[in-house]
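Listed below are the residues making up each chain.
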Protein chains: 2
Amino acid sequence: MPDLIRSWVETANAPQSPFPLNNLPYGVFSAGDSPRCAVAIGNSVLDLGALQSAGVLPEHGFASPALNTFMGKGKKVWTDVRQKLTELLREGNKTQAVADALHDMSSVTTHLPFTVTEYTDFYAGRQHAFNVGSLFRDPKNALPPNWLHMPIGYNGRASTVVVSGTDFHRPMGQLKGPQDDTPRFGPSKRLDIELEMGAVVGTPSEMGQRISVDQADDMIFGYVLLNDWSARDIQAWEYQPLGPFQAKAFATTIGAWVVTKAALDPFRCDTPPREHDLLRHIKDTGPMLYDIDLSVTMAAPDGEATEICRTNYNTLYYSAAQQLAHHASSGCAMRTGDLLGSGTISGPEKGMFGSLLEMTWGGRDVITLDDGQTRTFIEDGDTLTLNGHAQGDGYRIGFGPCTGTILPARRAKDGRS
Amino acid sequence: MPDLIRSWVETANAPQSPFPLNNLPYGVFSAGDSPRCAVAIGNSVLDLGALQSAGVLPEHGFASPALNTFMGKGKKVWTDVRQKLTELLREGNKTQAVADALHDMSSVTTHLPFTVTEYTDFYAGRQHAFNVGSLFRDPKNALPPNWLHMPIGYNGRASTVVVSGTDFHRPMGQLKGPQDDTPRFGPSKRLDIELEMGAVVGTPSEMGQRISVDQADDMIFGYVLLNDWSARDIQAWEYQPLGPFQAKAFATTIGAWVVTKAALDPFRCDTPPREHDLLRHIKDTGPMLYDIDLSVTMAAPDGEATEICRTNYNTLYYSAAQQLAHHASSGCAMRTGDLLGSGTISGPEKGMFGSLLEMTWGGRDVITLDDGQTRTFIEDGDTLTLNGHAQGDGYRIGFGPCTGTILPARRAKDGRS
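Parameters and conventions
- Residues numbered from 1 in each chain as written.
- Chains lettered and ligands numbered in written order.
- Predicted model: local features only at pLDDT ≥ 70, side-chain atom pairs only at ≥ 80, totals over all residues.
- Heavy atoms only, no water.
- Helix = DSSP H or I, 4+ residues; strand = E, 2+ residues; numbered from the N terminus.
- Rg over C-alpha atoms; globule rule 2.2 N^0.38 Å.
- Buried < 20%, exposed > 50% of the residue type's maximum accessible area, 1.4 Å probe, protein only.
- Contact = heavy atoms within 4.5 Å.
- Areas by Shrake-Rupley, 256 points an atom, 1.4 Å probe, with all protein chains shown as cover.
- Lys, Arg positive; Asp, Glu negative; His and termini not counted.
- Charge placed at Lys NZ, Arg CZ, Asp CG, Glu CD.
- Buried area = accessible area lost by both parts, 1.4 Å probe.
- Salt bridge = Lys/Arg side-chain N within 4 Å of Asp/Glu carboxyl O.
- Polar contact = N/O pair within 3.5 Å; in protein donor to acceptor, adjacent residues only side chain to side chain.
- Nonpolar A, V, L, I, M, F, W, Y, C, P; charged D, E, K, R; others polar.
- Domains from an automatic or database assignment.
- Least-squares fit on C-alpha atoms with pLDDT ≥ 70 in both.
- Pairing = 2+ DSSP bridges.
- UniProt positions renumbered as here; feature names shortened; annotations may be inferred.
- Axes fitted to C-alpha atoms, helices over the stretch in contact; angles between N-to-C directions.
- Phe/Tyr/Trp six-rings, centres within 6.5 Å; stacked < 30°, edge-to-face > 60°.
- Lys NZ or Arg CZ within 6 Å of the ring centre and 35° of its normal.

Engineer: How should I be thinking about the overall build of chain A in this particular structure?
Structural biologist: In terms of regular secondary structure, chain A is built from 11 helices and 27 strands. Computed over the C-alpha atoms, the radius of gyration of chain A is 21 Å, within 12% of the 22 Å expected from 2.2 N^0.38 for a compact globule of 417 residues. Along the longest, intermediate and shortest principal axes, the C-alpha atoms of chain A span 70 × 50 × 40 Å. Here chain A, with 417 residues, has 61% of them falling under the buried criterion. Of all intrachain contacts in chain A linking residues separated by at least 6 positions in sequence, the fraction that spans at least 24 positions is 71%. Element-wise, carbon and sulfur atoms account for 50% of the exposed surface of chain A, whose accessible area totals about 14,500 Å². Charge separation in chain A, taken as the distance between the mean sites of 36 positive and 47 negative side-chain charges, equals 4 Å.

Spelled out as structure tokens, the structure:
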């Protein structure tokens, strides 16, 4: 485990800071002007567009409102820029040019850090797959027969991936309970979260190109927190036979900061023992997961945030590199900006479940918040927040919050629900 | 039914021409230089980039290698440009500027006509859903319970949508037959087509925005032929519980020419009688389908193309406008360049089935080509071609071919399959 790298940005040296110099996550910010690329350092953001204009950094598209140009340049460039930024910010190396490019984080707006090209959501948490299989299908055959042989996933919707802090309306949809004769159209009553992490593809692959697990790992630029909001009642009625569609299409929230693979590297850990040997195109080639503490808080309107889940990224069965290798295995081209959701990260015990569906066991049990209010699913005005960090020796590699508040369902212009 | 509008481009007046002046489909072409936008007219393409540079047409992004800018401008602009082009090409109106912008179609290269933002594939053919339900699941409950209540669809993969004429490698994937103990990784043995049409979204909608069926119809710019190539063996093993993924991700072919809604308007026809009333957000508001003859040919390497299917777009249960309204119903933002596959278009009889899976009833029966060769699924070197047109009075609104040839599976660099 490397030591803290001390910075002349003093707030970056605090043990609880999510953004020490060891982290340097990338994002996009604005301060009443045009959005451009940045890294987070302590309580500040460092304007990479300004450093590029000043000739301190080479041209990597940092003045643009998305990280895609930089992400597409690949591992060598990512390493070079990280080394350069580490030197610029290291204790004792303060210069006026860099100091002038710092903005107080509380004074800026963060934006979606990259243009999401396509969004794929996997299903790589074994406890989650077992729980959902038990609730939606048959507890005796909860885990689908293919699940232990390959990372199951589906294509999600990129147009509604939003940055942390973006509020949105409760989704509408077709609903039909088991007792109803016919479906009706109305607001979802079983609105849920899914605690996930997203892997962000940097280097692209071509249509028809085969990629190994190690090549896939090299293609990944970094990771974000990801909440795959889900309308369970829409999902239950629509998802057979072709999978989730409108139940997941209304919003997916990601954190504002992409934590690089380089920052997470000291926290690599093994995937679990394999019940069946994995086929060669997705076989583990070393420690492929990360030890990242994850938690979820829920707050009623004007209420206190209550922690309702605490788990770890290391409980997954498949790593992002294995998912990406599988994704490309048929010949599917992968592109810079593709976002791969891990699947819901539920640990083996109840306090470690990453969705309300699991926490309340399909709405049977209630969650009691610290202020005494109870919940099964999300009510209007509730705020749900994911947090995550890897714990170093006296410092943390944090992700920043991934949060959203639910607004009431939007009625049609003619007033109909 | 309107009459043929005669053009001074003589080849456009032939009764069998797919591209009379009544059609004017949009595409992207190059002639050894940079790709730019065009319309097809008779045996020629008309360079809209050149007409824009010459000031004959206003600035609508026609010099760019994709129609997206123009498609995003909406119905009023589409109508104005169509009227202008009709006048420029009408018999008696020949000018040198326009004549100079014509290229012989056989001398140019056609490209993907628009940047595919996201790709969604529906499942709106009742006979196809019944056939596939019978083959993959239970013949007694072939049609899923939700099917008659809403257009079932799933998100496909946009990165591998290619233009007609793009050959590609047989996909690899995890395969496990019912008799196999464990899966293996290898080339698909059950490679198939799906005869579809794609609706192309022009005008976008916002996240959270509710859109009516009529608004959805106004958002559609036009239609293309679409072949949703499918690996049935990969699909059978992977698709439960989250839907098709790698089985469809390796290639989707669309025709080079986007036929506008204006050109198809005289061929509108009714959706079928409804077994259950549709809910208001997707209810028919008038004739929503089109009378478009569709066919598929198959050719073995060096063999003759044999027609293996003839059907009609009017056999679908849900129109593209209903699919689009449903797609946006949860709050999902729709964007310029979104492509909506209709689902496989299988008519009620065997010669009208739009996939080999259905034609051979899961590989049980063989297809005999005109040259005596037999097929169940696609073999290496085979060429599959979709064709389609609406039949006017003495003219046709054609789509141009949608074709592809299958290359052998690509081996990994180390020689493994």
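Engineer: Explanation requested: the interface of chain B and chain A in the structure shown.
Structural biologist: Quite often, the size of an interface is put as the accessible area lost when its parts meet. Listed as interface residues are 66 residues of chain B and, on the opposing side, 66 residues of chain A. Overall, the association of chain B and chain A removes approximately 6,200 Å² of surface from exposure, summing both partners, and the carbon and sulfur fraction of that is 57%. For the pair chain B and chain A, the interface holds 4 salt bridges. Glu118(A) serves as the salt-bridge partner of Arg157(B), at 3.4 Å between the closest nitrogen and oxygen. Viewed at the interface, chain A and chain B are joined by 27 residue pairs in polar contact (both at pLDDT 80 or more). At the level of secondary structure, the elements contributing two or more residues to the side of chain B that touches chain A comprise strand E6 (119–122), strand E7 (153–155), strand E10 (172–175), strand E11 (184–187), helix H7 (232–238), helix H8 (246–249) and helix H10 (320–328) of chain B. The residue inventory of the side of chain B that touches chain A, partitioned by class, reads 31 nonpolar, 22 polar and 13 charged.

Engineer: I tried to follow the domain arrangement of chain A on my own but got confused; where do I start?
Structural biologist: Residue and element names in this part refer to chain A. The domain boundaries assigned to chain A delineate domain 1 (10–111) and domain 2 (119–407). Inter-centroid distance (C-alpha atoms) of domain 1 to domain 2 is 28 Å. Counting residues at the interface gives 28 residues for domain 1 and 25 residues for domain 2. Summed over the three residues of domain 1 that lose the most area to domain 2, namely Tyr26, Met71 and Trp78, the buried surface amounts to 25% of that side. At the boundary of domain 1 and domain 2, one finds 1 salt bridge. Note that Asp218 is salt-bridged to Lys75, the shortest N-O span being 2.9 Å. Here domain 1 is connected to domain 2 by 4 residue pairs in polar contact (both at pLDDT 80 or more). Contributions of two or more residues to the side of domain 1 that touches domain 2 are made by strand E1 (26–30), strand E2 (36–41), helix H2 (68–71), helix H3 (75–89) and strand E5 (109–111). Class assignment of the residues belonging to the side of domain 1 that touches domain 2 gives a composition of 16 nonpolar, 10 polar and 2 charged.

Engineer: So what exactly am I meant to see when it comes to the relation of the copies chain B and chain A here?
Structural biologist: One copy of the chain maps onto the second through a rotation about an axis and a displacement along it. Of the two same-sequence chains, chain B is brought onto chain A (RMSD 0.0 Å, axial shift 0.0 Å) by a rotation of 180 degrees. Each copy turns onto its partner about a two-fold axis. Closest approach to the rotation axis within chain B is made by the C-alpha atom of Gly243(B), at a distance of 2.2 Å. When the interface residues of chain B are mapped onto chain A, 100% of them again fall at the interface, so both copies present the same face.

Engineer: Can you walk me through the pairing of strand E1 (residues 26–30) of chain B in this structure?
Structural biologist: Residues and elements named next belong to chain B. With respect to burial, E1 is a largely interior element, 5 of its 5 residues being buried. Along E1, one buried face is formed by Tyr26, Val28 and Ser30 and the opposite face, lined by Gly27 and Phe29, is buried too. For E1 and strand E2 (residues 36–41), the ladder comprises 4 bridges, and the chain directions are antiparallel. Counted as the bridge partner of Val28 is Cys37 from E2. Between E1 and E2, which follow one another and run antiparallel, lie 5 residues, and Gly32 among them has a positive phi close to 75 degrees.

Engineer: I'm lost on the pattern of salt bridges in this one. Help?
Structural biologist: Note on pairing: side chains with opposite charge can pair once their charged atoms come close. Residues and elements named next belong to chain B. The final tally for this structure, using the stated rule, is 46 salt bridges over all chains. A salt bridge links Glu379 to Arg375, with the shortest nitrogen-to-oxygen separation between them at 3.7 Å. Owing to a relative accessible area of 40%, Glu379 belongs among the partly exposed residues under this scheme. Asp382 is paired through a salt bridge with Arg375; the nearest N and O atoms lie 2.6 Å apart.

Engineer: Whenever I open this one, the UniProt feature "active site" (unreviewed entry) in chain A confuses me. Can you help?
Structural biologist: Residue and element names in this part refer to chain A. What UniProt calls "active site" (unreviewed entry) maps, in this numbering, to His128. If you trace the backbone, His128 turns up in helix H5 (residues 126–136). When residues no more than four places from it in sequence are discounted, the contact partners of His128 are Tyr123, Glu194, Thr344, Ser346, Ser355 and Glu358.

Engineer: It is not clear to me how unusual backbone geometry should be interpreted in this structure. Could you clarify?
Structural biologist: Among all residues except glycine, the phi angle is most often negative; among peptide bonds, the trans geometry is most common. Following Gln240(A), the chain continues into Pro241(A) via a peptide bond in cis, with omega recorded as 5 degrees. Within the secondary structure, Pro241(A) sits in the loop between helix H7 (232–238) and helix H8 (246–249). In this structure, Asp302(A) is a non-glycine residue whose phi angle is positive, near 60 degrees. Along the chain, Asp302(A) falls in the loop between strand E20 (293–299) and strand E21 (306–312). A positive phi angle, close to 55 degrees, is found at Leu24(B), a residue other than glycine. Within the secondary structure, Leu24(B) sits in the segment before E1. Under the relative-accessibility criterion, Leu24(B) is labelled buried at 2%.

Engineer: I keep staring at the sheet that holds strand E3 (residues 44–47) of chain B and nothing clicks. Help me out?
Structural biologist: Where strands meet in a sheet, backbone hydrogen bonds hold them as pairs that are either parallel or antiparallel. All names here are of chain B. Across the sheet, 5 strands lie side by side as E4-E3-E2-E1-E5; this open sheet has antiparallel pairing. Because the sheet does not close on itself, it has two edges, and the strands there are strand E4 (102–104) and strand E5 (109–111). Each adjacent strand pair in this sheet contributes to an overall mean axis angle of 45 degrees, direction not counted. Judged from the 3 bridges that link them, E1 and E5 form a sheet pairing that is antiparallel. Residue pairing across strands places Val28 opposite His111, the latter belonging to E5.

Engineer: Teacher, can you tell me more about the packing of aromatic side chains here?
Structural biologist: Given two aromatic rings, one states the distance between the centres and the angle between the planes to describe the pair. Across all of its chains, the model carries 30 aromatic pairs over all chains by this definition. On the numbers, 4.9 Å between centres and 55 degrees between planes, the contact of Phe62(B) with Phe70(B) is tilted. Residue classification places Phe62(B) among the buried residues on the basis of a relative accessible area of 0%. Each member of the aromatic cluster is reached from another via a ring pair, and the members are Tyr26(A), Phe62(A), Phe70(A), Trp78(A) and Phe221(A). Positioned above the aromatic ring of Tyr317(B), the side-chain terminus of Arg274(B) is 4.5 Å from the ring centre. A cation sits over an aromatic face here: Arg274(B) above Tyr318(B), 5.7 Å from the ring centre.

Engineer: What should I look at first to understand the sheet that holds E2(A) in this one?
Structural biologist: Residue and element names in this part refer to chain A. Ordered by their spatial adjacency, 5 strands build an open sheet running E4-E3-E2-E1-E5, and the pairing between neighbours is antiparallel. Among the strands making up the open sheet, the edge pair consists of strand E4 (102–104) and E5. Shown here is a sheet whose adjacent strand axes are inclined to one another by a mean of 45 degrees, direction ignored. Set on the sheet, H3 makes contact with E1, E2 and strand E3 (44–47); between it and E1 the angle comes to about 65 degrees.

Engineer: What am I meant to see in H10(B) here?
Structural biologist: Working note: α-helix, 3.6 residues per turn, so residues spaced by three or four point in the same direction. With 9 of 9 residues buried, H10(B) is to be regarded as a mostly interior element. Three or more residues of H10(B) are buried, namely Ala320(B), Ala321(B), Gln322(B), Gln323(B), Leu324(B), Ala325(B), His326(B), His327(B) and Ala328(B).

Engineer: Sorry, what's going on with the environment of Val201(A) here?
Structural biologist: Note that Val201(A) resides in strand E13 (residues 195–201). Val201(A) has contacts with Met71(A), Met219(A), Leu324(A), Arg335(A), Thr336(A), Gly337(A), Asp338(A) and Leu340(A), leaving out every residue within four places of it along the chain.

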